[in-house]
Amino acid sequence: MNLHEYQGKEMLSSFGVRIQRGIVAQNAQEAVAAAKKLTEDTGTGWHVIKAQVHAGGRGKGGGVKLAKNLQEVEKIAGEIIGMDLVTPQTSAEGKRVHQVLVAEDVYYPGDNEPEEYYMSVLLNRATGRNMIMYSTEGGMDIETVAEETPHLIFTEEIDPSVGIMTFQARKIAFNLGLSGLAFKEMTKFVTALYTAYDKSDSSLFEINPVLKTSDDKIMAVDAKVTMDENALFRHKDYAALRDLREENAIEVEAKEAGLNYVDLDGNVGCMVNGAGLAMATMDLIKQAGGEPANFLDVGGTADAARVEMAFELILRDPNVKAILINIFGGIVRCDRVAQGVIDAYKNMGNIQVPIIVRLQGTNADIAKELIDNSGLAVMSATEFQEAADKVHEVLSK
């Protein structure tokens, strides 16, 4: 589960991480009021208006702008709210902006030049340890830094049973070239950031940039936070932060129905039981000359109601030219699945998209007979290759 920047910053602040302060606004008038409040609280004269969507690269798409007075705050907020923001991490249609964060200007003049760093905390699955990744090249795409200047990326692995040690936080500050007050500030920042990651059961914290201000304060200017959904039962307050407007509507509906569904850009709908078989089915579709339109795991209870819901979800995609149902009858008998397909087909009426059904496992022979004798425009298959051939056949027409 992803959080908005303002939500991630609020979480960080609760663990003692210094943040760029801001107030979220739903319209231009609220943005002006937020700017006035920030000026009273922080003394900032300029304000940064940031689109709040679940995507990186907002500045490149025109979703982050500096306002030098209240008139500009109102104008910029009015332009950003309601726009379809296109960034390198969105589709070509972009994401609709429903709110903005009005933030204080932290690039104020002082004794030293401000400097930007990159920092993230995540799990290194290869070692089973948490890892802090950091770089002096803040404000840039970390992928570009990794490709062009990999020697500027550092990592520090942390044993989760022990937690971050003082020497590790100091090592990070040293590698970033800091000294004096900025060095002490960075060690506090790193320790608090890791604590926030650990205690919130997050799967990713990414701060880009981490800023050293002109007076040597260290703060999070941005915050990308991804929560581990498997741990949300321990964090009801975090679960309440979910913004369903930012998620795929079909995926949300599927989750509520107990289906594991991921929307893709292909032309062949998939209905499978089991994640491993679903991945293999997607490979099968690719080999047959198609592209999977979705990942859909119906689980072990593929009854008529569940199959009908799966059909409805798949058929909402106008790009779907065929549907491949690939079920292994272990927990659920193949004949029950076949009957579920037949019942769902009849309940939904005439389905124009060709359907290929491959059932293997318990009572697979009975299931094939049910499908073949149903009188419906449904093709049955027994072997993987046979199903692939039939997918290729319908796509070639």
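Up top is the structure these notes are about.
Residues numbered from 1 in each chain as written. Predicted model: local features only at pLDDT ≥ 70, side-chain atom pairs only at ≥ 80, totals over all residues. Heavy atoms only, no water.

*Asks:* Please explain the overall build of the chain as it appears in this structure.
*Replies:* A tally of helices and strands in the chain yields 13 helices and 18 strands. C-alpha extents for the chain along the principal axes are approximately 85 × 50 × 40 Å. A total of 397 residues make up the chain; the buried ones form 48% of that total. Here the chain displays about 18700 Å² of accessible surface, and carbon together with sulfur accounts for 50% of that area. Charge separation in the chain, taken as the distance between the mean sites of 39 positive and 58 negative side-chain charges, equals 3 Å. (Helix = DSSP H or I, 4+ residues; strand = E, 2+ residues; numbered from the N terminus. Buried < 20%, exposed > 50% of the residue type's maximum accessible area, 1.4 Å probe, protein only. Areas by Shrake-Rupley, 256 points an atom, 1.4 Å probe, with all protein chains shown as cover. Lys, Arg positive; Asp, Glu negative; His and termini not counted. Charge placed at Lys NZ, Arg CZ, Asp CG, Glu CD.)

*Asks:* Help me understand the side chain of His 4 in this model?
*Replies:* Within the fold, His 4 resides in the segment before α1 (5-14). The class of His 4 is buried, set by a relative accessible area of 1%. For His 4, the residues in contact, after removing those within four places along its chain, are Gln 52, Val 53, His 54, Gln 99, Ala 223, Asp 243 and Glu 246. (Contact = heavy atoms within 4.5 Å.)

*Asks:* Please explain the packing of aromatic side chains as it appears in this structure.
*Replies:* Centre-to-centre distance and the angle between the planes together describe a pair of aromatic rings. All chains considered together, the criterion is met by three aromatic pairs. Pairing Tyr 197 with Phe 205 gives two aromatic rings, centres 6.2 Å apart and planes at 80 degrees, and the pair type is edge-to-face. Comparing Tyr 197 with Phe 205, the two get one shared label, buried. In textbook terms, an aromatic cluster arises when at least three aromatic residues are bridged by ring pairs, as seen for Tyr 194, Tyr 197 and Phe 205. The side chain of Arg 358 reaches across the aromatic face of Phe 384, ending 4.5 Å from its centre. (Phe/Tyr/Trp six-rings, centres within 6.5 Å; stacked < 30°, edge-to-face > 60°. Lys NZ or Arg CZ within 6 Å of the ring centre and 35° of its normal.)

*Asks:* Looking at this structure, how should I read the pairing of strand β6 (residues 100-104)?
*Replies:* Consecutive residues of a regular strand have side chains that alternate between opposite faces of the sheet. Taking burial as the measure, the five residues of β6 include five buried ones, the bulk of the element. Relative to β6, strand β1 (residues 22-25) runs antiparallel, the two being bridged by four bridges. In the sheet register, Gly 22 faces β6, and the bridge partner there is Ala 103. In the sheet, strand β2 (residues 47-51) pairs with β6 via five bridges, with the strands oriented antiparallel. Considered in β6, the bridge of Ala 51 is made with Val 100. (Pairing = 2+ DSSP bridges.)

*Asks:* Can you help me understand the side chain of Arg 358 in this one?
*Replies:* As for its placement among the helices and strands, Arg 358 is situated in strand β17 (residues 355-361). For the buried Arg 358, no salt bridge exists, and the shortest N-O distance to an oppositely charged side chain is 5.1 Å, to Glu 383. Here Thr 382 takes part through its backbone oxygen, which lies 3.1 Å from a polar atom of the side chain of Arg 358. Setting aside anything within four residues of it in sequence, one finds Arg 358 in contact with Ile 325, Asn 326, Ile 327, Ala 381, Thr 382, Glu 383, Phe 384 and Ala 387. (Salt bridge = Lys/Arg side-chain N within 4 Å of Asp/Glu carboxyl O. Polar contact = N/O pair within 3.5 Å; in protein donor to acceptor, adjacent residues only side chain to side chain.)

*Asks:* I tried to follow the packing of helix α5 (residues 166-175) against helix α6 (residues 180-199) on my own but got confused; where do I start?
*Replies:* Each packed pair of helices is defined by two parameters, the angle between the axes and the distance between the axes. Interhelical geometry of α5 versus α6 gives an angle of 130 degrees and a closest axis separation of 8 Å. On the basis of their axis angle, the class for α5 and α6 is oblique. Along this stretch, α5 crosses α6, giving a crossing that reads as right-handed. Contact residues: Ala 169, Arg 170, Ile 172, Ala 173 and Phe 174 in α5; Phe 183, Met 186, Thr 187, Val 190 and Thr 191 in α6. Taken together, the residues that form the contact of α5 with α6 break down as seven nonpolar, two polar and one charged. (Axes fitted to C-alpha atoms, helices over the stretch in contact; angles between N-to-C directions. Parallel < 35°, antiparallel > 145°, perpendicular 65-115°, else oblique. Left-handed = near helix turned anticlockwise from the far one by under 90°. Nonpolar A, V, L, I, M, F, W, Y, C, P; charged D, E, K, R; others polar.)

Function cannot be read off these values alone, since they describe shape.
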